[in-house]
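Listed below, chain by chain, are the residues.
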Amino acid sequence: MAVFKSDIVEDLYEIGEVLGSGHFGQVKKVRERATGTSWAGKFLKIRRKGGSLLGMDRTSVEREVEILQALKHPNIVMLKDVFESRSEMVLVLELISGGELFDFIAEKDNLLETEAIQFMKQILEGLRFMHSNSIAHFDLKPENIMLSEKVSPQLNVKLIDFGLAYRFHQGEEYKSTSGTPQYVAPEVISFEPLSTAADMWSIGVITYILLSGMSPFQGDTDEETLRNVVAVHYEFEDHYFKTTSSMAKDFIQKLLVKDSRERMTAEECLLHPWIKPITRKQVANRNRSSINMRNFKRFNAKRKWKMSYNMVSVCNRLVNMRLVCKHRSDTDLLQRQCESDVEDSESNPSSLLRRRLSSSS
Ligand code: ATP
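In this text the structure is predicted, and so the values were computed from the model without any measurement.

A closer look at the environment of aspartate 199
Line of reasoning, step 1. Take aspartate 199: it is sitting in helix α6 (residues 197-212).
Line of reasoning, step 2. Note: C-alpha distance between aspartate 199 and threonine 35 (164 residues apart in sequence) is 37 Å.
Line of reasoning, step 3. Residues contacting aspartate 199, with those up to four places away along its chain left out, are Leu127, His131, Ala136, His137, Phe138 and Leu140.
Line of reasoning, step 4. A polar atom in the side chain of aspartate 199 sits 2.8 Å from the backbone nitrogen of phenylalanine 138.

With respect to the nonpolar core
Line of reasoning, step 1. Counting residues in hydrophobic clusters, the biggest one holds 89 residues, and the most contacted among them are Leu91, Ile105, Phe138, Phe162, Ile203, Trp274 and Ile291.
Line of reasoning, step 2. It is α6 that contributes the most residues to this core, 10 residues altogether.
Line of reasoning, step 3. When residues are assigned to domains, this core turns out to be shared by domain 1 (10-93) and domain 2 (101-296), each giving three or more.
Line of reasoning, step 4. Contacts of tryptophan 274, omitting those with residues within four sequence positions, involve Glu113, Ile117, Met120, Thr207, Leu211, Ser245, Met247, Ala248, Phe251 and Arg286.
Line of reasoning, step 5. Tyr13, Val30, Trp39 and Val90 belong to the second-largest nonpolar core, a separate cluster that totals eight residues.

A word on the side chain of lysine 42
Line of reasoning, step 1. Note that lysine 42 resides in strand β3 (residues 38-45).
Line of reasoning, step 2. Judged by its relative accessible area of 13%, lysine 42 is buried.
Line of reasoning, step 3. Among the polar contacts made by the side chain of lysine 42, one reaches the side chain of glutamate 64 at a distance of 2.8 Å.
Line of reasoning, step 4. Apart from residues lying up to four places away in sequence, lysine 42 is in contact with Gln26, Val27, Glu64, Met89, Val90, Leu91, Leu93 and Asp161.

So, the packing of aromatic side chains
Line of reasoning, step 1. Considering all chains together, one arrives at 17 aromatic pairs under this definition.
Line of reasoning, step 2. Judged by centre distance (6.4 Å) and plane angle (70 degrees), the ring pair of phenylalanine 102 and phenylalanine 299 falls under edge-to-face. Here the residue phenylalanine 102 occupies a position in helix α3 (residues 101-106), and phenylalanine 299 occupies one in helix α11 (residues 293-321), the gap between them amounting to 197 residues.
Line of reasoning, step 3. Residue classification places phenylalanine 299 among the buried residues on the basis of a relative accessible area of 12%.
Line of reasoning, step 4. Between tyrosine 208 and tyrosine 234, the ring centres sit 6.1 Å apart and the planes meet at 80 degrees, which makes this aromatic pair edge-to-face. On the criterion of sequence distance, the pair formed by tyrosine 208 in helix α6 and tyrosine 234 in the loop between α7 (222-230) and α8 (246-253) is long-range, its members being 26 residues apart. Comparing tyrosine 208 with tyrosine 234 shows no difference in burial state: the two are buried.
Line of reasoning, step 5. Through pairs of rings, three or more aromatic residues link up here, namely Trp201, Tyr208, Phe217, Tyr234, Phe236 and Phe241.
Line of reasoning, step 6. Above the plane of the ring of phenylalanine 43 lies lysine 28, whose end atom (NZ or CZ) is 5.1 Å from the centre.

So, the site of the ligand
Line of reasoning, step 1. Within the structure, the ligand sits among 19 residues, and His23, Lys42, Glu94, Ile96 and Asp161 are positioned closest to it.
Line of reasoning, step 2. One nitrogen or oxygen atom from the side chain of histidine 23 is found 2.7 Å from an oxygen atom belonging to the ligand.
Line of reasoning, step 3. A distance of 3.0 Å separates a nitrogen atom of the ligand from a polar atom in the backbone of isoleucine 96.
Line of reasoning, step 4. Protein burial of the ligand: of its 620 Å² of free accessible surface, 91% is covered by the chains.
Line of reasoning, step 5. Breaking the shell around the ligand down by element, the ones donating at least two residues are β1 (13-22), β3 and β5 (88-94).
Line of reasoning, step 6. Here the shell around the ligand takes four residues from β1, the largest share from any one element.
Line of reasoning, step 7. A breakdown of the residues in the shell around the ligand according to their chemical character gives eight nonpolar, five polar and six charged.
Line of reasoning, step 8. Lining the shell around the ligand are residues from two domains, each supplying at least three of them: domain 1 (10-93) and domain 2 (101-296).

Thresholds applied
Residues numbered from 1 in each chain as written. Predicted model: local features only at pLDDT ≥ 70, side-chain atom pairs only at ≥ 80, totals over all residues. Heavy atoms only, no water. Helix = DSSP H or I, 4+ residues; strand = E, 2+ residues; numbered from the N terminus. Contact = heavy atoms within 4.5 Å. Polar contact = N/O pair within 3.5 Å; in protein donor to acceptor, adjacent residues only side chain to side chain. Core = buried A, V, L, I, M, F, W, Y, C linked by side-chain atoms within 4.5 Å. Buried < 20%, exposed > 50% of the residue type's maximum accessible area, 1.4 Å probe, protein only. Domains from an automatic or database assignment. Phe/Tyr/Trp six-rings, centres within 6.5 Å; stacked < 30°, edge-to-face > 60°. Lys NZ or Arg CZ within 6 Å of the ring centre and 35° of its normal. Near = heavy atom within 4 Å. Areas by Shrake-Rupley, 256 points an atom, 1.4 Å probe, with all protein chains shown as cover. Nonpolar A, V, L, I, M, F, W, Y, C, P; charged D, E, K, R; others polar.

Structure representation (structure tokens):
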């Protein structure tokens, strides 16, 4: 059982600037008064009333905390402390100051596959550890892959946001329809029993985007995207994959496989010749190939624009909702919620809302 401290977080930490926002709260830089060390505080609003739609339910936060406590790995964000008050829970996390990996890459003029692979390797190391502990992330996407520092001899990848993560128990079946359409595996959409293999599908999508700047299943609407995922409808268009090695395509093809049992595992990925070349020819192929930087920059700019657009439109909707709020306390919460970024919720079909709406064991 996770232990939540009942101390007032402000007594122990000085609260600083906002680092990011999520659906149920904000992440702020905090400074530990006793040591002067900086951390990231994830402030999550807790749902008070059973029927309220505002805030997270306590058990979801407990699940996130228990999972983070079980995951001590250099490529996974570290949890230091947890505090609980009447309306809020605060997760004190390792401060990750290098920003999103995709933003870091988008600032470069060019990137060889060999360099991109150094990042992929770290993502896979984190996943291998997670999966060996029977934990699946279920929300892998560029926003949740960060860098501990922007400048250091070894750029260290950190996986964050374990809000949808799940720990499997022997013989148990778990289903969920939470996720983000572009990155979600077919079995999530068809509401089939899930496994850690769903994360490997997302790795296939992320790798495809990283190399080409194209999203393999993206349709004009979320419904179309989901249909493309279920049909495994994607291709390697020559125009976007001119500089991609055949090994990289093979790596993606072995992940974007409908049958989750046939997909490569994180362990197998780390042994794939694209990640771990054996012959000189394989090494040379990787060194000759590069990512489609022009298109990747375009993809990333669009992604960032969409994130801020959605934040504004959700805020507008929340402000309108105030008109129908009966209780003042709910209205206040809505107002605070308005500070949060709610990516993609504008266009999501109700059957696949991004967060915690329809998971079941
Ligand atoms: P969502 O509902 O969108 O999934 P969330 O409420 O679960 O979000 P996170 O995704 O964990 O929250 O964090 C929101 C944002 O805060 C991240 O996208 C990132 O920019 C920032 N952030 C999260 N954790 C850290 C950290 N440890 N260090 C620095 N920034 C962080």
